[in-house]
Amino acid sequence: MITSLLNCQTPLDIIQAQDFVIFHLLADGKTKNGKEYKNEYMFTIHFDGEQIHGVREFMDSQYVTAALPYWGWLSRHSYFSVLH
């Protein structure tokens, strides 16, 4: 697991439309065993008026599974796999 919050860097790209925004960013941190963690993320945030209607997150899940072995087990054995 990651020991602290991810350090989200300045977005590489932000795309805004009438009812959604897309953020493309890089993030890094350290795992509990001291390994560096770096991943690339894409978030799509959908709006209904001024309320957030939905969020989709895209990342390199193969990298996450390799960097955080517990994540791979969790995603296969819990409700979390339904969400992703």
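Residues numbered from 1 in each chain as written. Predicted model: local features only at pLDDT ≥ 70, side-chain atom pairs only at ≥ 80, totals over all residues. Heavy atoms only, no water.

In the annotation of an unreviewed UniProt entry, the chain is listed under the name SnoaL-like domain-containing protein and assigned to Mycena pura.

Draft legend 1. Region of interest: the pairing of strand E5 (residues 51–59). Across the nine residues that make up E5, only a small minority, zero, are buried. If you look at the hairpin formed by strand E4 (residues 36–48) and E5, you'll find two residues sitting between the two strands, and Gly49 has a positive phi there, around 70°. (Buried < 20%, exposed > 50% of the residue type's maximum accessible area, 1.4 Å probe, protein only. Helix = DSSP H or I, 4+ residues; strand = E, 2+ residues; numbered from the N terminus. Pairing = 2+ DSSP bridges.)

Draft legend 2. Focus on a nonpolar patch on the surface. Taken together, the side chains of Phe47, Ile52 and Val55 present a nonpolar region at the surface, about 270 Å² in accessible area. Following the sequence through the fold, Ile52 ends up in strand E5. For Ile52, a relative accessible area of 53% gives the class exposed. (Patch = residues over 30% accessible without salt bridge, like charges linked within 9 Å, V, L, I, M, F, W, Y side chains within 5 Å. Areas by Shrake-Rupley, 256 points an atom, 1.4 Å probe, with all protein chains shown as cover. Salt bridge = Lys/Arg side-chain N within 4 Å of Asp/Glu carboxyl O.)

Draft legend 3. Geometry of the confidence of the model for the chain. On average, residues of the chain score 77 in pLDDT, and 74% of them reach the 70 mark or higher. The secondary structure element of the chain with the lowest average pLDDT is helix H3 (residues 80–83), at 40, and the one with the highest is strand E2 (residues 13–16), at 96. (pLDDT = per-residue confidence, 0-100.)

Draft legend 4. Quick look at the packing of aromatic side chains. With the rule as written, the count across this model stands at two aromatic pairs. Between the aromatic rings of Tyr37 and Tyr63, the centroid separation amounts to 5.4 Å while the plane-to-plane angle is 45°, which identifies the pairing as tilted. Residue Tyr37 is found in strand E4, and its partner Tyr63 is found in helix H1 (residues 61–67); the two are separated by 26 residues along the sequence. Look at Tyr63 and you get partly exposed, because its relative accessible area is 28%. Here the aromatic rings of Tyr41 and Phe43 are separated by 6.0 Å at their centres, their planes lie at 10°, and the arrangement is stacked. Assessed through its relative accessible area of 23%, Phe43 is described here as partly exposed. (Phe/Tyr/Trp six-rings, centres within 6.5 Å; stacked < 30°, edge-to-face > 60°.)

Draft legend 5. Layout of the nonpolar core. In terms of nonpolar packing, the biggest core is built from seven residues, these being Leu25, Ala27, Tyr37, Tyr41, Val64, Ala67 and Leu68. Of all the secondary structure elements, the ones that give two or more residues to this core are strand E3 (20–30), E4 and H1. (Core = buried A, V, L, I, M, F, W, Y, C linked by side-chain atoms within 4.5 Å.)

Draft legend 6. The pattern of salt bridges, seen in detail. The tally for this structure, following the rule as stated, stands at one salt bridge. As a salt-bridge pair, Lys30 and Glu36 come within 2.8 Å of each other at their nearest N and O atoms.

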